[in-house]
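Observations on the model geometry
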Amino acid sequence: MVGLTAGTDYSQLGKSSKGQSVNLKTFNGGLNNVSDITTIDDEELSQLTNFELDSNGSLVSRPPIVKISGPPVTTEAVTLLGYYTDASQDIFAVVSTTAGTYLFDTVNETYALITTVVASGSAQFNDNLYICSVTESGGYWDGTSFTQLNTGLKPMPVGEQIVLHKSRFFLVSRDALYNRGRIYFSDITTAVPTSVNDWDTDNYFDVSRGDGQLISKILSAPNELFIFRTQSTYYFRYETAPIDGVLQVLDATVGADNAYSVTEYEFSYLVLNNGRLYRFVSYQFYPLNDISRLQFKQTRLASGLTFFSALTVFGRRAVVWFGGGVYVLDLESGAWTEWDSPTSEFAWGLLMPRKQDALTPDTMIGVTGITTASFNGLYKAVDAYLGVNTEEIVCVAETKSFDFEIPDHWKRLFYWSADVYTARNIDGTATPIQFSSVVVTWDEMEAYDWDYFEAGTWDNPTSPSPAVLTEIVYPVLTPYRVNATFQRDMRFRRCSFKVELSTDGTTSTGPVRIMALSIHATTKKGISDILQ
């Protein structure tokens, strides 16, 4: 049993009792939200919210997420499309609303409308920003003015996504239902009078047309295009001309949920599909979430979500938005945790490009995942704790329910402690598993009023919760490492232990940490009841 040490000396309670202790110094197992709290591994946690695994196996609070701007048009939802870097290396986020397409200055945090065409995708080429639209022909912004490619014999088709591959554009069609598996491609700018701005009507290919699946994401790799559909994945490869290209299926069962469900990570891609996260490398999909330990669970109605699922790479993390909840994978250790950000309901974002020679932490700009108008706008997360970027973050870690590998013995808890780094109060909760052997009917409760049941629960109305909460008031206002001892004399068969810390997301209160947990008890033989 990892982290469990048992003493051999008998306690003062008698020779039938002996001291036991559990010392947890690493939490490498991360979150397990599938198995019963009594059966998970010692290094796993039944609840892990807003903490993440540090390099030494301890727990540290996540970076803050802050709102940096409302929408350019009040109450309008914002669609984040990508980034545009001008000739001066100034970086802008490309966003759209129903009013048009905007550039968001990431330094001054202001919007500038570049066109009333509502963009659905963007790509940069030759210092120009190209956009496509699902309602009309797109065009390009040259840093000064916008040119719509909607005239002449070769206008830009209507499309949802646009990518640059081998100096020409490829565009996912959305012009008609039967063409939603079609990909158009532009001409290429050469010495011959052709231009990347020209779109011949015959320049397209279909991906398994009419089989009911849509193209959810298209990505440009060095040698091919990867085409992710809702339940399958293809690649398209050509040497000199796309008309002579080869379309090949890679996987007939795994695809991508939507345009927000595929992202690059180092030498591979991460893909979210049907509640599973995959790493796509060397033309193979490898699952990253073991569904026997970690499952994505829907927590909100789909009608209240702007999109149901999304995937973001932020530093060494894969951030998964699924059904209203956020699950985060440490891509180095393989440990999972959950994020909870009530002030942002963050769902999806993109890493900002760095300026040349800039030694700055990763910065991400993103959007909310809910339809509530007050949450519309842009959010930012910096992978570091600074003196700014304030967000109230409540961090919770709860262990398995320990029985000291002697489930039939009663234990007496003397105390338990947490080695933490914090500048605020520390909450510790010990929760024994308790079997309620008395069934109370509604008729038997007629003689009481609601005040009598205040300490109970819906399942056990006359029984107070067995959990014991202890709050330790922190004596100073600066972060400090301290060993918090929760003294509580109680009997139990199995018991879990929870620590709650908080921070405002700045260096004045964080990042908060849990370095170790220690539990000290004695065991005593004997069973007094059949069920405990």
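Everything that follows concerns the structure shown earlier in this document.
Residues take numbers from 1 onward in each chain, read along the sequence in its written order. Given that this is a predicted model, residues contribute local features only at a pLDDT of at least 70 and side-chain atom pairs are listed and counted only at 80 or more, while totals for whole chains, interfaces and linings are drawn from all residues. Calculated side-chain values reflect all of the structure's heavy atoms, with hydrogen atoms and water omitted.

**Concerning the overall build of the protein**
Applicable threshold: The secondary structure listing takes helices from DSSP runs of H or I that are at least 4 residues long and strands from runs of E that are at least 2 residues long, numbered from the N terminus. Summary of the burial criterion: residues with accessible area below 20% of their type's maximum are buried, those above 50% are exposed, and those between are partly exposed, where the area comes from a 1.4 Å probe applied to protein chains only. Contact definition: two residues touch when any of their heavy atoms are within 4.5 Å. Areas reported as accessible are Shrake-Rupley estimates using a 1.4 Å probe. Residue values count occlusion only from the protein chains shown.
If you tally the helices and strands in the protein, you get zero helices and 42 strands. Relative to its full complement of 532 residues, the protein shows a buried share of 50%. Contacts spanning at least 24 positions in sequence make up 59% of the contacts within the protein whose residues lie at least 6 apart. Element-wise, carbon and sulfur atoms account for 50% of the exposed surface of the protein, whose accessible area totals about 24,800 Å².

**Comments concerning unusual backbone geometry**
A cis amide bond, omega 5°, links Gly 510 with the succeeding residue Pro 511. Structurally, Pro 511 is set in the loop between strand 41 (495-503) and strand 42 (513-524). Here Ser 208, not a glycine, exhibits a phi torsion of approximately 45°, which is positive. By secondary structure assignment, the location of Ser 208 is in the loop between strand 20 (204-206) and strand 21 (215-220). We note that Tyr 283 has phi near 65°; this positive angle belongs to a residue other than glycine. Note on placement: Tyr 283 falls in the loop between strand 27 (276-281) and strand 28 (284-287).

**Brief notes about the pattern of salt bridges**
Put simply, the test is: A carboxyl oxygen of Asp or Glu within 4 Å of a side-chain nitrogen of Lys or Arg is what we treat as a salt bridge.
Taken as a whole, this structure holds 20 salt bridges when the rule is applied. The salt bridge involving Arg 293 is made with Glu 44; its shortest N-O contact spans 2.6 Å. Of the two residues, Arg 293 sits in the loop between strand 28 and strand 29 (309-314) while Glu 44 sits in strand 4 (residues 44-45), which places them 249 residues apart along the sequence. Taking relative accessible area as the criterion, Arg 293 reaches 25% and is therefore assigned partly exposed. With a relative accessible area of 4%, Glu 44 lands in the buried category. A salt bridge links Lys 355 to Asp 90; the shortest N-O distance between them is 3.8 Å.

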